[in-house]
Amino acid sequence: MKTRGFEIVTKYADDVSLPVRSTKSSAGYDLAAAEDFVLPSIWKSGFLKVLWLIRHGKTVNENELTQANKILKPYLIPTGIKAYMQDNEFLLLANRSSSPLKRGLILPNGIGVIDSDYYNNQNNEGEIFIQIVNFSLKDQVVKKGDRVGQGIFMPFLTVDDEKVTSSKRVGGFGSSGK
Ligand SMILES: O=c1ccn([C@H]2C[C@H](O)[C@@H](COP(=O)(O)OP(=O)(O)OP(=O)(O)O)O2)c(=O)[nH]1
Ligand SMILES: [Mg+2]
């Protein structure tokens with residue numbers, strides 16, 4: 001009987017490998033990018049220019065704002081991997097310790113929470129995405145296979161006599177409402 005683990009989503013069938021722990025006692029399973037990416041530096045001129053204009057009380061036109069926001073928006077790095085686990089568990093998504101130090105890459109959501117009911121959801125098969133922002137001063141190239149995060153299986157606790165909702169998850173990132 002399978003308890004918890006990883007599987008490759010159909011889209012990347014023979015294209016990615018299953019996450020492994022890099023040492024005998026590592027807590028996290030390393031998650032790698034399923035494709036190549038160039039992550040633009042958040043300090044691209046568009047963003048700095050808008051900051052300067054706002055700071056000096058100048059008007060910023062809609063297009064300049066849209067451009068600047070584009071830089072701020074996190075990149076969703078596909079992993080090609082989905083995770084199954086027990087109902088009272090989740091997969092905690094954390095940054096790799098070396099990513100901010102060496103590459104200025106941060107997770108804007110701090111940590112990711114992969115719910116057990118996200119697995120095989122009807123919207124995206126439960127593929128795990130890692131949200132990344134490049135805080136370094138230069139663009140960062142992420143190659144397919146680069147380890148960009150780690151997943152740690154964890155139990156979670158619930159409150160006494162909770163009224164459990166019967167709603168079913170249909171997807172990720174806001175699928176259960178604002
Ligand atoms: O970094 C992340 C965070 C979440 N997810 C997936 C798994 C998770 O089960 C689902 C929902 O994420 P979360 O609960 O953090 O977002 P939400 O805004 O609360 O969405 P929902 O309302 O669907 O729970 O999105 C990722 O792939 N990567
Ligand atoms: Mg949620």
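What counts and what doesn't
- Residues numbered from 1 in each chain as written.
- Chains lettered and ligands numbered in written order.
- Predicted model: local features only at pLDDT ≥ 70, side-chain atom pairs only at ≥ 80, totals over all residues.
- Heavy atoms only, no water.
- UniProt positions renumbered as here; feature names shortened; annotations may be inferred.
- Helix = DSSP H or I, 4+ residues; strand = E, 2+ residues; numbered from the N terminus.
- Contact = heavy atoms within 4.5 Å.
- Areas by Shrake-Rupley, 256 points an atom, 1.4 Å probe, with all protein chains shown as cover.
- Lys, Arg positive; Asp, Glu negative; His and termini not counted.
- Charge placed at Lys NZ, Arg CZ, Asp CG, Glu CD.
- Pairing = 2+ DSSP bridges.
- Buried < 20%, exposed > 50% of the residue type's maximum accessible area, 1.4 Å probe, protein only.
- Arc of directions from axis to C-beta.
- Polar contact = N/O pair within 3.5 Å; in protein donor to acceptor, adjacent residues only side chain to side chain.
- Core = buried A, V, L, I, M, F, W, Y, C linked by side-chain atoms within 4.5 Å.
- Phe/Tyr/Trp six-rings, centres within 6.5 Å; stacked < 30°, edge-to-face > 60°.
- Lys NZ or Arg CZ within 6 Å of the ring centre and 35° of its normal.
- Salt bridge = Lys/Arg side-chain N within 4 Å of Asp/Glu carboxyl O.

As recorded in an unreviewed UniProt entry, the protein chain goes by the name dUTP diphosphatase, listed as coming from Dellaglioa algida DSM 15638. The record in UniProt for the protein chain states the following under Catalytic activity (unreviewed entry): "dUTP + H2O = dUMP + diphosphate + H(+)".

Draft legend 1. Looking closely at the overall build of the protein chain. Helices and strands together make up the secondary structure of the protein chain, namely three helices and 11 strands. Secondary structure of the protein chain in N-to-C order comes out as β-β-β-α-α-β-β-β-α-β-β-β-β-β. Structurally, the protein chain occupies a C-alpha span of about 60 × 40 × 30 Å along its principal axes. Of the contacts made within the protein chain by residues no fewer than 6 positions apart, 79% connect residues no fewer than 24 positions apart. If you sum the accessible surface of the protein chain, you get close to 11,200 Å²; carbon and sulfur atoms cover 55% of it. Side chains of the protein chain carry 23 positive and 19 negative charges; the gap between the two charge centres is 8 Å.

Draft legend 2. Here's a closer look at the sheet that holds strand 9 (residues 129–134). Spatial strand order, 4-9-7: three strands in an open sheet with antiparallel pairing. Looking at strand neighbours, the two that pair on one side only are strand 4 (75–78) and strand 7 (105–106), the edges of this open sheet. Here strand 7 pairs with strand 9 via two bridges, running antiparallel. Residue leucine 105 lies in a different strand from strand 9, and its bridge partner there is asparagine 134.

Draft legend 3. Summary view of helix 2 (residues 62–72). Those residues of helix 2 lying buried are Glu64, Ala68 and Ile71. Across the axial projection of helix 2, the buried residues extend over an arc of 50°, all falling on one side. Helix 2 presents Glu62 and Lys70 as exposed residues on the side facing more than 90 degrees away from its buried surface. For helix 2, the capping residue at the N-terminal end is asparagine 61, with a side-chain oxygen 2.9 Å from the backbone nitrogen of asparagine 63.

Draft legend 4. Up close: the nonpolar core. Within the largest apolar cluster, 25 residues are counted, with the highest numbers of intra-cluster contacts made by Ile77, Leu91, Ile130 and Ile132. Every element with two or more residues in this core is listed here: strand 3 (37–39), strand 5 (81–84), strand 6 (89–94), strand 9 and strand 11 (147–155). Non-local contacts of isoleucine 77, meaning those with residues more than four positions away in its chain, are made with Ala33, Phe37, Leu39, Ile128, Phe129, Ile130, Ile132 and Val148. Counting residues in each nonpolar core, the second largest holds six residues, with Ile42, Val50, Ala68 and Val133 among its members.

Draft legend 5. Representation of the packing of aromatic side chains in the model. Counted under the stated rule, the structure contains seven aromatic pairs. Each ring, one from tyrosine 29 and one from phenylalanine 153, has its centre 6.1 Å from the other, and the planes form 75°; the classification is edge-to-face. With tyrosine 29 in strand 2 (residues 29–32) and phenylalanine 153 in strand 11, this residue pair connects regions lying 124 residues apart in the sequence. For phenylalanine 153, a relative accessible area of 18% gives the class buried. One aromatic cluster is present, built from ring pairs that chain together Phe6, Tyr29 and Phe153. Directly above the aromatic system of tyrosine 84 lies the positively charged group of lysine 2, at a separation of 4.5 Å from the ring centroid.

Draft legend 6. Representation of the environment of alanine 32 within the structure. With respect to the secondary-structure elements, alanine 32 resides in strand 2. Those residues in contact with alanine 32 that sit more than four places away from it in its chain are Pro78, Thr79, Gly145, Asp146, Arg147 and Val148.

Draft legend 7. Spotlight on the pattern of salt bridges. Inspection of every chain in the model, using the stated rule, returns 11 salt bridges. A salt bridge links lysine 2 to glutamate 7, with the shortest nitrogen-to-oxygen separation between them at 2.7 Å. Between aspartate 15 and lysine 144 there is a salt bridge, and its shortest N-O distance comes to 2.7 Å. Taken together, the residues span a long stretch of sequence, with aspartate 15 in the loop between strand 1 (5–8) and strand 2 and lysine 144 in the loop between strand 10 (140–142) and strand 11 at a distance of 129 residues. Here aspartate 15 falls in the partly exposed class, since its relative accessible area comes to 41%. When salt bridges that share partners are traced, they join Lys2, Glu7, Lys82 and Glu125 into one network.

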